[in-house]
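Below are the chains, spelled out letter by letter.
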Amino acid sequence: MGEEFKLLPLCHPNAREMTMIWVCSGAANVGKIAHEVGVRLTKEGYGRLCCVTAIAAGSKLHEGIAKNAKRNLVINGCANRCASKVLENVGARVDYKIDISQFLRKMPTLDFYEGDIEKITEFIINDAHLERNSVE
Ligand code: SF4
């Protein structure tokens, strides 16, 4: 197992050295795009996607990851800002946040264009001045 999969650095021991990425993964086009952008940023080494739902469910381990992160980057699907609120509710810093619905209309579909993932990923890399994680 793992031979064909690129394993990610563990969140908890490495959070102080990494940009942690929190996405809402909502059940609409913009939520799915938020997730896919988080995946793309992680695979390209700009940060590490982590489990925002675990914080909402009361996991102290994940709360600690957010509180100790070098930087928290939050990708919300729409103006409800669910992922941001999860971090704010436990007193974790939100260092950079974005609302996908400012770029694309929220629609009740799980379909999206790959081109939108690329454009928004590039926008975030530039707008947030992201650098690649030193941890691999
Ligand atoms: S921010 Fe919007 S898209 Fe994301 S989970 Fe909340 S309501 Fe759904």
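Above this text is the structure in question.
Residues numbered from 1 in each chain as written. Predicted model: local features only at pLDDT ≥ 70, side-chain atom pairs only at ≥ 80, totals over all residues. Heavy atoms only, no water.

A. Broad picture of the overall build of the protein. Helices and strands together make up the secondary structure of the protein, namely six helices and four strands. The N-to-C order of helical and strand elements in the protein reads α-β-α-β-α-α-β-α-β-α. Here the protein has a C-alpha radius of gyration of 14 Å; the compact-globule value for 136 residues is 14 Å, and the two agree. With the C-alpha coordinates of the protein rotated into their principal frame, the extents come out at 35 × 35 × 30 Å. (Helix = DSSP H or I, 4+ residues; strand = E, 2+ residues; numbered from the N terminus. Rg over C-alpha atoms; globule rule 2.2 N^0.38 Å.)

B. Structural context of the packing of aromatic side chains. As enumerated under the stated definition, the model contains one aromatic pair in all. Ring geometry for Phe103 versus Phe123: centroids 5.0 Å apart, planes at 70 degrees, classification edge-to-face. With Phe103 in the loop between strand S4 (96-99) and helix H6 (114-127) and Phe123 in helix H6, this pair connects stretches of sequence that are 20 residues apart. On the basis of relative accessible area, Phe123 is assigned to the partly exposed category, the value being 35%. (Phe/Tyr/Trp six-rings, centres within 6.5 Å; stacked < 30°, edge-to-face > 60°. Buried < 20%, exposed > 50% of the residue type's maximum accessible area, 1.4 Å probe, protein only.)

C. Region of the structure containing the site of the ligand. In the vicinity of the ligand, the residues found are Cys24, Gly26, Gly77, Cys78, Asn80, Arg81, Cys82 and Lys106. Split by residue class, the shell around the ligand holds three nonpolar, three polar and two charged. (Near = heavy atom within 4 Å. Nonpolar A, V, L, I, M, F, W, Y, C, P; charged D, E, K, R; others polar.)

D. Examining the nonpolar core more closely. In terms of nonpolar packing, the biggest core is built from 22 residues, with Val37, Leu41, Leu73, Ile75, Ile124 and Leu130 touching the most fellow members. Those elements that provide at least two residues to this core are strand S1 (19-23), helix H2 (29-43), strand S3 (71-76), S4 and H6. It is H2 that contributes the most residues to this core, five residues altogether. With near-sequence residues (within four places) excluded, Leu73 lies in contact with Thr19, Met20, Ile21, Trp22, Leu41, Tyr96, Ile124, Ala128 and Leu130. (Core = buried A, V, L, I, M, F, W, Y, C linked by side-chain atoms within 4.5 Å. Contact = heavy atoms within 4.5 Å.)

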